[in-house]
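One letter stands for each residue in the lines below.
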Amino acid sequence: MTVNRKLTGWLYVLPLVVILVPFFIVPILTVLVASFLESDGFGGFLPGVTLDNYLYLFSSNLTLQLYLSTAKFAALTWIFTALLGFWISYFLVFHIRNQLVAIGLFLICTVPFWTSTIIRMISWIPLLGKEGLVNSALMGIGAIDQPLEFLLFSDFAVVVAYVHQLTIFMIVPLFNSMARIDKRLIEAARDNGASRWDVVRLVVLPLSRSGLALGSIFVLSIVMGDFLVVRVMSGGGSASIVGALFEDIAVLQYPPAAASAIVLLVVVVMMLALILRTVDIRKELAR
């Protein structure tokens, strides 16, 4: 009986193993091996093993600056997406009485995903440009005398684009977490004299931790692994660690790019592990 149970268990996980091994584990191991090799400058590898790729990364001030720049975008994006995602989800769950209307409004939040990432970024140009709608409106009402140049091709534009694209990744898990909160808890808190802010702070927020953790994982991992938004929306004025990695690949420097990828993977895993330490997602989702 025990043997049959073990065999049944392996059969259950076999589809996952078939997917993870060739499409996840093998590529990572390949990149790891390549990170210890030396490039010949033409897309090939020289014989032998070296640590020069990692030594260069950890000794370069440019690497630190790129990580700080990427971390800045990730932190700002996380703050704004968390704020927007939480309050939008709170409104949909606790202030929209008709569930059909709430679901309809929730689906509206997915509208940006009906188009490609490039189109979503390009759509900000006529809004944030020097002669865009925002500057034209501000100049029209006399709020400014000349166009605001920081609105486009800047760090501000990068954060705006990220928030526009990734807020839905906060809304979905937060909406799911809040929808599972027993409304009687809210009524009990109010009956005991809790203000609306107290209800949000002491009841809704603690019970939405799993959704916030999952949304944070989605947002931070996507921002840390992206370079297209930074390149397009900053106009080349800002850089990211993945952008530098892409440049190494473009000039056939595969070992340095592989080392950068491994270091970035470790950094992202450490970030996600820190998030997971704040909440037991399996326990929260099993409630």
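Residues numbered from 1 in each chain as written. Predicted model: local features only at pLDDT ≥ 70, side-chain atom pairs only at ≥ 80, totals over all residues. Heavy atoms only, no water.

Named according to an unreviewed UniProt entry, the chain is ABC transporter permease originating from Marinibaculum pumilum. One UniProt comment on the chain, placed under Sequence similarities (unreviewed entry), says "Belongs to the binding-protein-dependent transport system permease family. CysTW subfamily." Note on the chain: under the UniProt heading Subcellular location (unreviewed entry), the record states "Cell membrane". (UniProt positions renumbered as here; feature names shortened; annotations may be inferred.)

**Student:** Residues and numbers for the packing of helix α13 (residues 241-250) against helix α14 (residues 254-278), please.
**Tutor:** Remark: α13 packs on α14, axes separated minimally by 8 Å, with the N-to-C direction vectors making an angle of 155 degrees. Here α13 lies roughly antiparallel to α14, going by the angle between them. Once α13 is placed against α14, the crossing between them reads as left-handed. When α13 is examined against α14, the residues I241, V242, L245, D248 and I249 are found in contact with a partner set consisting of Y254, P256, A257, S260, A261 and L264. (Axes fitted to C-alpha atoms, helices over the stretch in contact; angles between N-to-C directions. Helix = DSSP H or I, 4+ residues; strand = E, 2+ residues; numbered from the N terminus. Parallel < 35°, antiparallel > 145°, perpendicular 65-115°, else oblique. Left-handed = near helix turned anticlockwise from the far one by under 90°. Contact = heavy atoms within 4.5 Å.)

**Student:** Tell me about the nonpolar core, and please be specific about residues and values.
**Tutor:** Ranked by size, the top nonpolar core spans 61 residues in total, and within it F94, Y162, M178, V204 and M233 carry the most contacts. Looking at this core element by element, the count peaks at 14 residues for helix α8 (residues 155-179). (Core = buried A, V, L, I, M, F, W, Y, C linked by side-chain atoms within 4.5 Å. Buried < 20%, exposed > 50% of the residue type's maximum accessible area, 1.4 Å probe, protein only.)

**Student:** Lay out the packing of aromatic side chains with the relevant residues and their values.
**Tutor:** On inspection of all chains with the given rule, the structure shows eight aromatic pairs. Consider the rings of Y90 and F94, whose centres lie 5.2 Å apart with planes at 45 degrees: the pair is tilted. Taken together, the positions of Y90 and F94, both in helix α3 (residues 61-94) and four residues apart, correspond to about one turn of that helix. F94 shares its class with Y90; the two are buried. Seen in terms of ring centroids, F227 and F246 are 4.8 Å apart; in terms of plane orientation they differ by 25 degrees. Their pairing is stacked. With a gap of 19 residues between them, F227 in the loop between α11 (209-224) and α12 (228-233) and F246 in helix α13 connect regions that are remote in the sequence. A relative accessible area of 35% means that F246 is categorised as partly exposed. Chaining the aromatic ring pairs together yields one cluster made of F86, W87, Y90 and F94. Sitting above the plane of the F73 ring, K72 keeps its charged end 5.0 Å from the centroid. (Phe/Tyr/Trp six-rings, centres within 6.5 Å; stacked < 30°, edge-to-face > 60°. Lys NZ or Arg CZ within 6 Å of the ring centre and 35° of its normal.)

**Student:** Account for the UniProt feature "transmembrane region" (unreviewed entry) in the chain, with residues named and values stated.
**Tutor:** This chain's UniProt record puts "transmembrane region" (unreviewed entry) on residues 12-37, 73-93, 100-125, 156-175, 211-234 and 254-276. Taken end to end, residues 156-175 is 100% helix and 0% strand, and its first and last C-alpha atoms sit 27 Å apart. Taken end to end, residues 254-276 comprises 100% helix and 0% strand; its first and last C-alpha atoms sit 32 Å apart.

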